[in-house]
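Below, each chain spelled out in residue letters.
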Amino acid sequence: MHHRPLGRTGWNVSEISFGAWAIGGSWGEVDDKQSLAALHRAIDCGVNFIDTADVYGMGRSERLIAQLKRERREEIIVASKAGRRLPAQVVEGYSRENLTAWVEDSLRNLSMDCLDLLQLHCPPTGLYYRPEVFEILDQLVSAGKIRYYGVSVERVEEALKAIEYPNVQTVQIIFNCLRLRPSQLLFQQTKARQVGVLARVPLASGLLTGKFMPDSRFGPEDHRNFNRNGEAFDVGETFSGVDFNIALSAVEEIRRLLPPRLSMAQFALRWILMFDAVTCAIPGGKKPEQVADNCGASQVPALPLETMQAVQAIYTDKIAPLVHQRW
Ligand SMILES: NC(=O)c1ccc[n+]([C@@H]2O[C@H](COP(=O)([O-])OP(=O)(O)OC[C@H]3O[C@@H](n4cnc5c(N)ncnc54)[C@H](OP(=O)(O)O)[C@@H]3O)[C@@H](O)[C@H]2O)c1
């Protein structure tokens, strides 16, 4: 496993890290024993950074990570998030009282005294124009409750605004073969300011593993069923916001680019790692074998320029007209 520096934090994190949403909830039934095995496999593969949130199974994901930390001696850096427990997403909800209470709950769930990295969890755009919220985060750092903070955003423009605040250490954003816009202006700016970039939804909710068919079905508790049209949260979080059948046809074109002995997941992740502005991809994994497959991407040699151009061409032709200006 190769590591990359996470912004200005001084941490070197595994370029393939672990996204812990699915082991908490919203992805159909998960079994804690299997989830814990997946987490252990990640550490076995050299992962040292895990992304979670208070709302992933309302603490379930964070508690599993706490258990993992009890069972392992390796250093494991944990990034959590706060804000989505608000009944309605309003800027006023990001008050000192609420932020402090959410952080305390995450600390309890994670059995930690100080959170390594706290990310604002896709707050409304207006929040980025409220410096007082970032002052509260600075005070939480001074109080020793959080070591660093960053943002998880829906839109490129939110990220560009967020990194104007000097103590924002990381930006988490959707970036994958079906979502290329962050690689334009945003990556230039994060590099210039030494802000870490966490590429989330790197497999487009599993689509880029190439395992889905037009007749694939998802259970009622799985956002790939209940959020297909953005019914519960931003539609961009489900299949990257691309129509399922159109995405499948793009995936078939990407499949033709696959070098020998690589899985589709490894190809999709290696493609992300070709961008040096990216600190790490954070694929979700429910099963140890998925995690091992994903971690294998770090060992894959650089993809040829023609392959990168071919993915760009598929995106430009099939996907960009649908999503490029939306996020
Ligand atoms: N608003 C936010 O801040 C936000 C939103 C979304 C995600 N995130 C973070 O980003 C992380 C990653 O995004 P994501 O989990 O939404 O999507 P993803 O990483 O694109 O897809 C993950 C899913 O794909 C399937 N999968 C993973 N590896 C596989 C493999 N090698 N072979 C076959 N199937 C595989 C698994 O589901 P199945 O086995 O069920 O198919 C897994 O749960 C999350 O876990 C979370 O930490 C944050």
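The text that follows walks through the structure, step by step, so that each part is easy to find. The numbers attached to residues start from 1 for each chain and follow its sequence in the written order. With the structure being a predicted model, the display of local features is reserved for residues of pLDDT at least 70 and the display and counting of side-chain atom pairs for 80 or more, all residues being used for whole-chain, interface and lining totals. Hydrogens are left out, water is left out, and the side-chain values use all remaining heavy atoms of the structure.

In the structure, helix α11 (residues 305-323) departs most strongly from a straight axis at T316, where the bend amounts to approximately 50 degrees. Buried within α11 we find T307, M308, V311, I314, Y315, I319, A320 and V323. Lining the buried residues of α11 we find α8 (244-255) and α9 (264-273). A residue's bend is given by the angle between axes fitted to the 7 residues ending at it and the 7 residues starting at it. Here a helix means four or more residues in a row that DSSP labels H or I, a strand means two or more in a row labelled E, and each is numbered from the N terminus. Buried residues are those whose accessible area, probed at 1.4 Å on protein chains only, stays under 20% of the maximum for their type, while exposed residues exceed 50% and partly exposed ones sit between those limits. Whether two residues are in contact is decided by their heavy atoms, any of which lying within 4.5 Å being enough.

The description of two packed helices rests on the angle between their axes and on the distance between the axes. Lines are fitted to the C-alpha atoms to define the axes, a helix being fitted only along its stretch in contact, and any angle between axes, read from their N-to-C directions, falls within 0 to 180 degrees. Close contact between helix α3 (residues 96-110) and helix α4 (residues 131-142) brings their axes to 10 Å; oriented N to C, the two are set at 40 degrees. Accordingly, the angle class assigned to the pair α3 and α4 is oblique. Between α3 and α4 the crossing geometry is right-handed. Contact with α3, carried on its side by R96, L99, T100 and V103, involves V133, I136, Q139 and L140 of α4 and no other residues of that element. For this classification, the nonpolar set comprises Ala, Val, Leu, Ile, Met, Phe, Trp, Tyr, Cys and Pro, the charged set comprises Asp, Glu, Lys and Arg, and every other residue, Gly included, is treated as polar. The residue inventory of the contact of α3 with α4, partitioned by class, reads 5 nonpolar, 2 polar and 1 charged. These descriptions rest on fixed angle ranges, namely under 35 degrees for roughly parallel, over 145 for roughly antiparallel, 65 to 115 for roughly perpendicular, and the rest for oblique. In this scheme, a crossing is called left-handed if the near helix is turned counterclockwise away from the far one by less than a right angle; it is called right-handed if the turn is clockwise.

Once that is clear, we can look at the site of the ligand. Any residue with at least one heavy atom within 4 Å of a molecule or strand is counted as near it. Around the ligand, the structure places 32 residues, and the nearest of them are D51, S152, K211, R224 and K286. Within the backbone of A204, a nitrogen or oxygen atom sits 3.2 Å from an oxygen atom of the ligand. Against a free-state accessible area of 900 Å², the protein chains account for coverage of 94% of the ligand. Top element by residues in the shell around the ligand is helix α10 (residues 288-295). It accounts for 3 residues. Among the residues forming the shell around the ligand, the class breakdown is 14 nonpolar, 10 polar and 8 charged. N or O atoms closer than or at 3.5 Å make up a polar contact, with two conditions inside protein: a donor-capable atom paired with an acceptor-capable one, and, for residues adjacent in sequence, both atoms drawn from side chains. Methods summary: accessible areas were calculated by the Shrake-Rupley approach with a probe of 1.4 Å, and residue burial reflects only the protein chains presented.

Right, let's talk about the sheet that holds strand β4 (residues 49-51) for a bit. Pairing in this open sheet of 8 strands is parallel, and the strands run β3-β4-β5-β6-β7-β8-β9-β10 from one edge to the other. Looking at strand neighbours, the two that pair on one side only are β3 (18-19) and β10 (280-281), the edges of this open sheet. Paired strands, as defined in this entry, are two strands with at least two bridges between them according to DSSP. In terms of strand pairing, strand β6 (residues 115-121) meets strand β7 (residues 146-152) through 6 bridges, oriented parallel. Paired with L118 across the bridge in β7 is Y149. Set on the sheet, α4 makes contact with β6, β7 and β8 (168-174); between it and β7 the angle comes to about 150 degrees.

Each Phe, Tyr or Trp ring, with Trp reduced to its six-membered ring, pairs with another whose centre is within 6.5 Å; inter-plane angles below 30 degrees give stacked pairs, above 60 give edge-to-face pairs, and intermediate values give tilted ones. This model, assessed by the stated rule, comprises 18 aromatic pairs. Plain terms: the ring middles of F212 and F244 are 6.3 Å apart, the flat faces sit at 45 degrees to each other, and that makes the pair tilted. Of this pair, F212 sits in the loop between β9 (196-200) and α7 (223-226) while F244 is found in helix α8, placing the two residues 32 residues apart along the sequence. Given the relative accessible area of 6%, F244 is considered buried. Residues F226 and F233 carry aromatic rings whose centres are separated by 6.3 Å and whose planes lie at 85 degrees to one another, so their mutual orientation is edge-to-face.

Our focus in this paragraph is the environment of V47. Structurally, V47 can be placed in the loop between α1 (32-44) and β4. For V47 and I76, which are 29 residues apart along the polypeptide, the C-alpha to C-alpha distance reads 8.0 Å. Ignoring any residue separated from it by four or fewer positions in sequence, one finds V47 in contact with M1, S14, I16, S17, F18, A42 and C295.

As a further point, take the environment of I246. As for its position among the elements, I246 is in helix α8. Between the C-alpha atoms of I246 and T52, which are 194 residues apart in sequence, the distance is 30 Å. Setting aside its immediate chain neighbours within four residues, I246 contacts K318, I319 and L322.

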